[in-house]
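One letter stands for each residue in the lines below.
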Amino acid sequence: MLFCGVCHSDIHQIKNEWDNTIYPCVPGHEVVGRVRRAGAAVTRHAVGDLVGVGCMIDSCRQCEPCLAGDENYCEGPNSWLATYNGPMIPASKAPGGKNTYARDNTFGGYSNVLVVQEDFALKIPANLRPEVAAPILCAGVTTYSPMKHWGVKQGDRVGIIGFGGLGDMAAKIALAMGAEVTLFTTTKEKLEEAGRLGATGVLESDSSALESLQGKFDFLLSTIPQKHDINPYIPLLKRDKTLCIVGALEPMEGVNNQAVAFHRRNVAGSLIGSLQETQEVLDFCARHDIGPDIELINVDQINEAVKRAIDGDVRFRSVINMASIGSVDAGATVEDAAIFVSA
Ligand SMILES: [Zn+2]
Ligand SMILES: [Zn+2]
């Protein structure tokens, strides 16, 4: 294992904020490493290949979404198998108490080793630095997938709500798609950073700015990682256009349906992305020479990195350099670091 990004989901999971954490919990689902060993039937990857693993390490492969290439919406009895914290639907909540993956927990990327089904390991393009590729495996695909699904294109006006790890990726991808991008942030210091990206920064508290933007947007993406009020943003959409929520995964404030119905607007959600979309966004970022802004940390700085992510103080993604794991685990060495693939 070479690098692992620190995603806000890791923090929700560590703190059991979704009320489903299985301890011991080893988070991390923005993983880049080299194949150390491959099972006999593996054909897609060879020992030594640079590969990435995102949020999923397996899915049922039989349900309608899986057969359509939407593994992230797997409707199998246990849904998809997450890189950490086990199946998305644990046996206790599955029909007949069944667990088709034959394991209750999985351990993620804050580690020196990971075992993954070969289809769930993505190829890291040669011109993408591995530490930069890591956050694309979750933050990148989580924002790319809805922009692709709702057809963001050249000349569209796109608003990104929240300017953290997801917002940074979302803005760069939307700009590379040819959109005109507005970034909504609570942090005054980030207005300038929005400008540096080639986007326009707007303070979320600036109600007169929001007023002047009514009916202007082709797509809005909310990347705020906890529940929040989306009502100030709905009027910003043009008729028939969509506001998609990707950051928050809990019950949200009520929606004023007058603002939705009067202009046939849509309020939607989206969850990570498929394997194909994950490969696509890696290739897209390599082609357009974009990637997340990262702060490389050693594994013993993780507690501080978590605190800074909660405070919104990271610019914009912490990535753990896994070579540093040797310094805290006497039993492991860099030579031990590996991704195993199986088929
Ligand atoms: Zn994530
Ligand atoms: Zn499935």
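Reading guide: rules and limits
- Residues numbered from 1 in each chain as written.
- Chains lettered and ligands numbered in written order.
- Predicted model: local features only at pLDDT ≥ 70, side-chain atom pairs only at ≥ 80, totals over all residues.
- Heavy atoms only, no water.
- Pairing = 2+ DSSP bridges.
- Helix = DSSP H or I, 4+ residues; strand = E, 2+ residues; numbered from the N terminus.
- Axes fitted to C-alpha atoms, helices over the stretch in contact; angles between N-to-C directions.
- Contact = heavy atoms within 4.5 Å.
- Donors = N, O, S within 2.8 Å, 3.2 Å for Na, K, Ca; no water.
- Tetrahedral: all angles 85-135°; square planar, octahedral: opposite > 155°, others 65-115°.
- Buried < 20%, exposed > 50% of the residue type's maximum accessible area, 1.4 Å probe, protein only.
- Polar contact = N/O pair within 3.5 Å; in protein donor to acceptor, adjacent residues only side chain to side chain.
- Right-handed = clockwise from strand over helix to strand, strands pointing away.
- 1 Å grid on protein atoms, 1.4 Å probe; cavity = no way out; pocket = protein on both sides within 12 Å on 5 of 7 lines; lining within 4 Å.
- Points joined across faces, edges and corners; volume = space filled by probe spheres on them.
- Nonpolar A, V, L, I, M, F, W, Y, C, P; charged D, E, K, R; others polar.
- Expected span 1.5 Å × (residues − 1).
- Core = buried A, V, L, I, M, F, W, Y, C linked by side-chain atoms within 4.5 Å.

(A) Structural context of the sheet that holds strand β11 (residues 217–222). If you trace the six strands from one edge of the open sheet to the other, you get β10-β9-β8-β11-β12-β13, paired in parallel fashion. Of all strands in the sheet, those bounded by a partner on one side alone are β10 (200–203) and β13 (266–269). The average undirected angle you get between the axes of adjacent strands in this sheet is 20 degrees. As paired elements, strand β8 (residues 157–161) and strand β9 (residues 180–185) share five bridges and run parallel to each other. Of the residues in β9, the one forming a bridge with Ile 161 is Phe 184. This element, helix α4 (residues 165–176), spans β8, β9 and β11 of the sheet and lies at about 165 degrees to β9.

(B) Broad picture of the coordination of the zinc ion (ligand 2). Here the zinc ion (ligand 2) is held by Cys 60 (SG), Cys 63 (SG), Cys 66 (SG) and Cys 74 (SG), and the distances to it run 2.3 to 2.4 Å. Seen from the zinc ion (ligand 2), its four donor atoms lie at angles of 102 to 121 degrees, and the figure they make is tetrahedral. Linear spacing of the donor residues for the zinc ion (ligand 2) on their chain is C-x2-C-x2-C-x7-C. Within this pair, whereas Cys 60 is found in the loop between β4 (56–58) and α2 (64–67), its partner Cys 74 is found in the loop between α2 and β5 (81–82), the two being separated by 14 residues in sequence. Overall, Cys 60 belongs to the buried group, its relative accessible area being 17%.

(C) Focus on the environment of Pro 130. With respect to the helices and strands, the residue Pro 130 is situated in helix α3 (residues 130–149). The spatial distance from the C-alpha of Pro 130 to the C-alpha of Leu 2 is 7.7 Å, given a sequence separation of 128 residues. With near-sequence residues (within four places) excluded, Pro 130 lies in contact with Phe 3, Val 32 and Leu 50.

(D) Local environment of the coordination of the zinc ion (ligand 1). At the metal site, the zinc ion (ligand 1) is ligated by Cys 7 (SG), His 29 (NE2) and Cys 138 (SG), and these contacts range over 2.0 to 2.2 Å. Positions of the donor residues of the zinc ion (ligand 1), expressed as sequence spacing, correspond to C-x21-H-x108-C. With His 29 in the loop between α1 (8–14) and β2 (31–38) and Cys 138 in helix α3, the pair connects residues that are 109 residues apart, well separated along the chain. As far as burial versus exposure is concerned, His 29 and Cys 138 are alike and both buried.

(E) The arrangement of the side chain of Asn 72 in detail. Residue position: Asn 72 is located in the loop between α2 and β5. Exposure remark for Asn 72: the relative accessible area of 2% places this residue in the buried category. Here Ser 274 takes part through its backbone nitrogen, which lies 3.4 Å from a polar atom of the side chain of Asn 72. Filtering out sequence-adjacent residues up to four positions away, Asn 72 remains in contact with Met 56, Trp 80, Leu 271, Ile 272, Gly 273 and Ser 274.

(F) Inspection of the pairing of strand β14 (residues 294–297) at higher detail. As paired elements, β14 and strand β15 (residues 317–321) share four bridges and run parallel to each other. Paired with Ile 297 across the two strands is Ile 320, which belongs to β15. Taken together, β14, helix α9 (residues 302–310) and β15 form a β-α-β motif whose crossover is right-handed.

(G) Fine view of empty space enclosed by the protein. Applying the stated rule across the entire model yields one cavity of 30 Å³ or more. The space that makes up the largest cavity amounts to roughly 60 Å³. In this structure, the largest cavity is lined by Gly 54, Cys 55, Met 56, Phe 120, Leu 122, Leu 137, Val 141, Ile 272, Gly 273, Leu 275 and Thr 278. When grouped by side-chain class, the residues that make up the lining of the largest cavity number eight nonpolar, three polar and no charged.

(H) Region of interest: helix α8 (residues 275–288). Taking 1.5 Å per residue, 14 residues should reach 20 Å; α8 reaches 20 Å between its end C-alpha atoms and fits that length. For α8, the complete set of buried residues consists of Leu 275, Glu 277, Thr 278, Gln 279, Val 281, Leu 282, Phe 284, Cys 285 and Ala 286. Asp 289, located one to two residues past α8, shows a positive phi value of around 55 degrees.

(I) Highlighting the nonpolar core. Grouped together as the largest cluster of nonpolar side chains are 78 residues, with contacts concentrated most on Met 147, Ile 173, Leu 282 and Ile 320. Ranked by the residues each element gives to this core, the list is headed by α3, at nine residues. When neighbours within four sequence positions are excluded, Leu 282 is seen to be in contact with Leu 122, Lys 123, Ile 124, Pro 125, Leu 128, Ala 133, Ile 136 and Leu 137. Grouped together as the second largest cluster of nonpolar side chains are 19 residues, Ile 161, Leu 210, Leu 213 and Tyr 233 included.

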